[in-house]
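Notes for the structure review
So you can see what is in the structure, the chains are spelled out below.
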Amino acid sequence: MNTAISPQALLAVDAAMLPGHPFTAYREGALCIENVAAADLAQTHGTPLFIYSKAAMLSALAAYQRGFAGRHAQICYAMKANSSLGVLQVFAQAGCGFDIVSGGELERVIAAGGDARKVIFSGVGKTRAEMRQALKAGIGCFNVESEAELDVLAEVAGAMAVTAPVSIRVNPNVDPKTHPYISTGLKGNKFGVAHEDALRIYTHASNLKALRIVGIDCHIGSQITDSTPYLDAMDRVLDLVAEIEAAGIPLEHIDFGGGLGINYNHDTPPEADALWRELLVKLDARGYGQRKLMIEPGRSLVGNAGVCLTEVLYTKPGEQKNFCIIDAAMNDLPRPAMYQAFHAIVPVQPGRSAGNERLYDVVGPVCESGDWIGHDRVLDVKAGDLLAVLSAGAYCMSMASNYNTRGRAAEVLIDGSAVHLIRRRETAQDQMRHEQLAAN
Ligand code: PLP
């Protein structure tokens, strides 16, 4: 059964959702990102189109910077959240370091003008070639995730006659209370070394000549909306810091990872500065307040700085459901299919509605029943209308694929009234350029 809702109520719902997007607002009935109307962008660049607000990214970064005022801290943007060059450039120019998980990401940092010395390299499966590449580039630190990796890194660095700076990722076994696919700091997760093995592995590392121990790190998960798991993880890591240093192994920095959540659907994570005010009280109380700190935020820097603009292709009444078929799909916005994630979906020109609200499943053109972007959404739409999928700055374009030979979307970066095309739409030719027919 369809649930009708008044246009006023619909607008009220939409207006309530937009505050999570600080530089996205309705002006004179049109959705604007900074000073640019989304509909104008659709006309110039087509859809689906990712639109990022530079001011929103910098304001998210500023919250962390306020939180760390007066401290020795380095913010390493976890670029897996969004690794587009134009996005990396914003953070590189703002002085950020980068948390990378592959040699490809390192190449992107360098192409975007980032400083390799501020790069930390995470991930459970670094190859020898990636280690060599990172050592050659002179990265700041390898976040080592297993004893086996430690040995291989020592061997690779030794063969190059260099010393590898290392931090060991410890798994504090703290439940971040998030989706199981994005919790990483529990015993059953593949990440990091077990808390109880950490001292032994640090001692082993300290005996490997080609390694220089510089820190310790942890990352417990993503989309964390409560400070308690962070406080618990901090206690566990500081216990280890005390043990490791008592064993004569000094640590220059402590890295508390990323993971702070954003508002997708009335979520209320703490602001970054408020979270860090709370964490720094604990750090000070335990005597580590003057230690160099590192963090690896991804989603909280870019998630709500981006929207995905999409056009309604068809509406299709069904026996049980109405479908709103849009031109964006799971290949552009994989989070709903991967983790049943919620993205708010709002009209771009709500004033144009015809008073014809229906309850819809919003779906894409991909040939999978899992290709849905939103379930049970009240919308007043017809073919040709534009919709904006909110909170699309993180883990969307960086996870996008070419499934169904769909070209990846274009991306624009808005800076006030200026529009920068930072990725042109991918063509079928682009997708086929590394392929060839077999010789007969
Ligand atoms: N650091 C590490 C090691 C990660 O695995 C991740 C995400 O998976 C992050 C940082 C970034 O997390 P988020 O985007 O939730 O801040």
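Calculation rules
- Residues numbered from 1 in each chain as written.
- Predicted model: local features only at pLDDT ≥ 70, side-chain atom pairs only at ≥ 80, totals over all residues.
- Heavy atoms only, no water.
- Helix = DSSP H or I, 4+ residues; strand = E, 2+ residues; numbered from the N terminus.
- Salt bridge = Lys/Arg side-chain N within 4 Å of Asp/Glu carboxyl O.
- Buried < 20%, exposed > 50% of the residue type's maximum accessible area, 1.4 Å probe, protein only.
- Pairing = 2+ DSSP bridges.
- Right-handed = clockwise from strand over helix to strand, strands pointing away.
- Phe/Tyr/Trp six-rings, centres within 6.5 Å; stacked < 30°, edge-to-face > 60°.
- Polar contact = N/O pair within 3.5 Å; in protein donor to acceptor, adjacent residues only side chain to side chain.
- Near = heavy atom within 4 Å.
- Areas by Shrake-Rupley, 256 points an atom, 1.4 Å probe, with all protein chains shown as cover.
- Nonpolar A, V, L, I, M, F, W, Y, C, P; charged D, E, K, R; others polar.
- Contact = heavy atoms within 4.5 Å.
- Domains from an automatic or database assignment.
- Buried area = accessible area lost by both parts, 1.4 Å probe.
- Core = buried A, V, L, I, M, F, W, Y, C linked by side-chain atoms within 4.5 Å.

Now for unusual backbone geometry. In this model, Thr47 is joined to Pro48 through a cis peptide bond whose omega is -5°. Structurally, Pro48 is set in the loop between helix 2 (38–45) and strand 4 (49–53). In this structure, Tyr395 takes a positive phi of about 55° despite not being glycine. Along the chain, the position of Tyr395 falls in the loop between strand 19 (386–389) and strand 20 (410–415).

For the rest of this paragraph, the subject is the pattern of salt bridges. Taken as a whole and assessed by the stated rule, the structure comprises 21 salt bridges. A salt bridge links Asp415 to Lys54; the nearest nitrogen and oxygen atoms lie 3.6 Å apart. In this pair, Asp415 is assigned in strand 20 and Lys54 in helix 3 (residues 54–67), connecting sequence segments 361 residues apart. On the basis of relative accessibility, which here comes to 34%, the residue Asp415 falls in the partly exposed class. Between Arg424 and Asp430 there is a salt bridge, and its shortest N-O distance comes to 2.8 Å. By relative accessible area, which is 16% here, Asp430 ends up buried. A single salt-bridge network, built from bridges that share partners, covers Asp235, Asp239, Lys282 and Arg286.

Turning our attention to the pairing of strand 9 (residues 164–171). Counting buried positions over the eight residues of strand 9 gives eight, a clear majority of the element. Here strand 9 shows two buried faces, one formed by Ala164, Val166, Ile168 and Val170 and the other by Pro165, Ser167, Arg169 and Asn171. By the bridge criterion, three bridges tie strand 8 (residues 141–144) to strand 9 in an arrangement that is parallel. Pairing of Phe142 across the sheet is with Val166, part of strand 9. With helix 7 (residues 147–159) bridging strand 8 and its parallel neighbour strand 9, the resulting β-α-β unit is right-handed. In this structure, strand 9 lies alongside strand 11 (residues 211–217), joined through six bridges in parallel fashion. Of the residues in strand 11, the one forming a bridge with Arg169 is Asp217. Taken together, the two bridges between strand 9 and strand 10 (residues 193–194) define a ladder with parallel strand orientation. Residue Asn171 lies in a different strand from strand 10, and its bridge partner there is Ala194.

Here we come to the packing of aromatic side chains. The way to describe two aromatic rings as a pair is by their centre distance and the angle between their planes. Scanning the model with the defined rule gives six aromatic pairs in all. Judged by centre distance (6.3 Å) and plane angle (20°), the ring pair of Phe50 and Tyr52 falls under stacked. The pair formed by Phe50 and Tyr52 is uniform in burial state, with each residue classed as buried. Relative to Trp276, the ring of Phe68 lies with its centre 4.7 Å away and its plane at 45°, an arrangement referred to as tilted. With Phe68 in the loop between helix 3 and strand 5 (73–78) and Trp276 in helix 10 (residues 272–285), this residue pair connects regions lying 208 residues apart in the sequence.

All right, on to the environment of Arg358 then. In this fold, Arg358 is placed in strand 17 (residues 358–363). Residue Arg358 is classed as partly exposed on the basis of its relative accessible area of 32%. In this structure the C-alpha to C-alpha distance between Arg358 and Met294, which are 64 residues apart in sequence, comes to 48 Å. Of the polar contacts made by the side chain of Arg358, one reaches the side chain of Asn356; its length is 3.2 Å.

Once that is clear, we can look at the site of the ligand. The immediate surroundings of the ligand are formed by 14 residues, with Ser222, Gly259, Glu296, Arg299 and Tyr395 found nearest. For the ligand, an oxygen atom lies 2.8 Å from a polar atom in the backbone of Arg299. The separation between an oxygen atom of the ligand and a polar side-chain atom of Tyr395 is 2.6 Å. Burial of the ligand by the protein amounts to 92% of the accessible area it has alone, namely 390 Å². Considered class by class, the residues forming the shell around the ligand number three nonpolar, six polar and five charged.

The next thing to look at is the sheet that holds strand 2 (residues 30–33). Pairing in this open sheet of three strands is antiparallel, and the strands run 1-2-3 from one edge to the other. The open sheet has two edge strands, strand 1 (24–27) and strand 3 (36–37), and neither has a second partner. Strand direction decides the pairing type here: strand 1 and strand 2, joined by four bridges, are antiparallel. Residue pairing in the sheet places Ala25 in a bridge with Cys32 of strand 2.

Quick look at the environment of Ser206 now. Looking at the element boundaries, Ser206 is found in helix 8 (residues 198–206). Here Ser206 falls in the partly exposed class, since its relative accessible area comes to 38%. Each C-alpha atom, one on Ser206 and one on Gly248, is 9.5 Å from the other, the two residues being 42 residues apart in sequence. Every residue in contact with Ser206, bar those within four places of it in the chain, is listed here: Ile213 and Ile249.

Once that is clear, we can look at the domain arrangement of the protein. Looking at the assigned domains, one finds that the protein contains domain 1 (7–54 + 303–432) and domain 2 (68–297). Here domain 1 and domain 2 have C-alpha centroids that lie 33 Å from each other. Each partner contributes to the interface: domain 1 provides 24 residues, whereas domain 2 provides 18 residues. Across the domain 1/domain 2 interface, buried area totals approximately 1700 Å², and carbon plus sulfur atoms make up 55% of it. On the domain 1 side of the interface with domain 2, the three residues burying the most area are Tyr339, Phe342 and Tyr395, jointly 30% of the side's total. The tally of links between domain 1 and domain 2 comes to zero salt bridges. Remark: the boundary between domain 1 and domain 2 carries nine residue pairs in polar contact (both at pLDDT 80 or more).

By size, the foremost hydrophobic cluster in this structure holds 103 residues, and its most contacted members are Tyr77, Phe91, Phe142, Ile216 and Trp276. Counting residues per element, this core draws most heavily on helix 9 (residues 228–246), at nine residues. Split by domain, the residues of this core number at least three in each of domain 1 (7–54 + 303–432) and domain 2 (68–297). For Ile216, the residues in contact, after removing those within four places along its chain, are Ser167, Ile168, Val170, Tyr202, Val237, Leu240, Val241, Ile244, Leu251, His253, Ile254 and Asp255. One finds Ala38, Ile51, Leu386 and Ala410 within the second-largest nonpolar core, a separate group that totals 20 residues.

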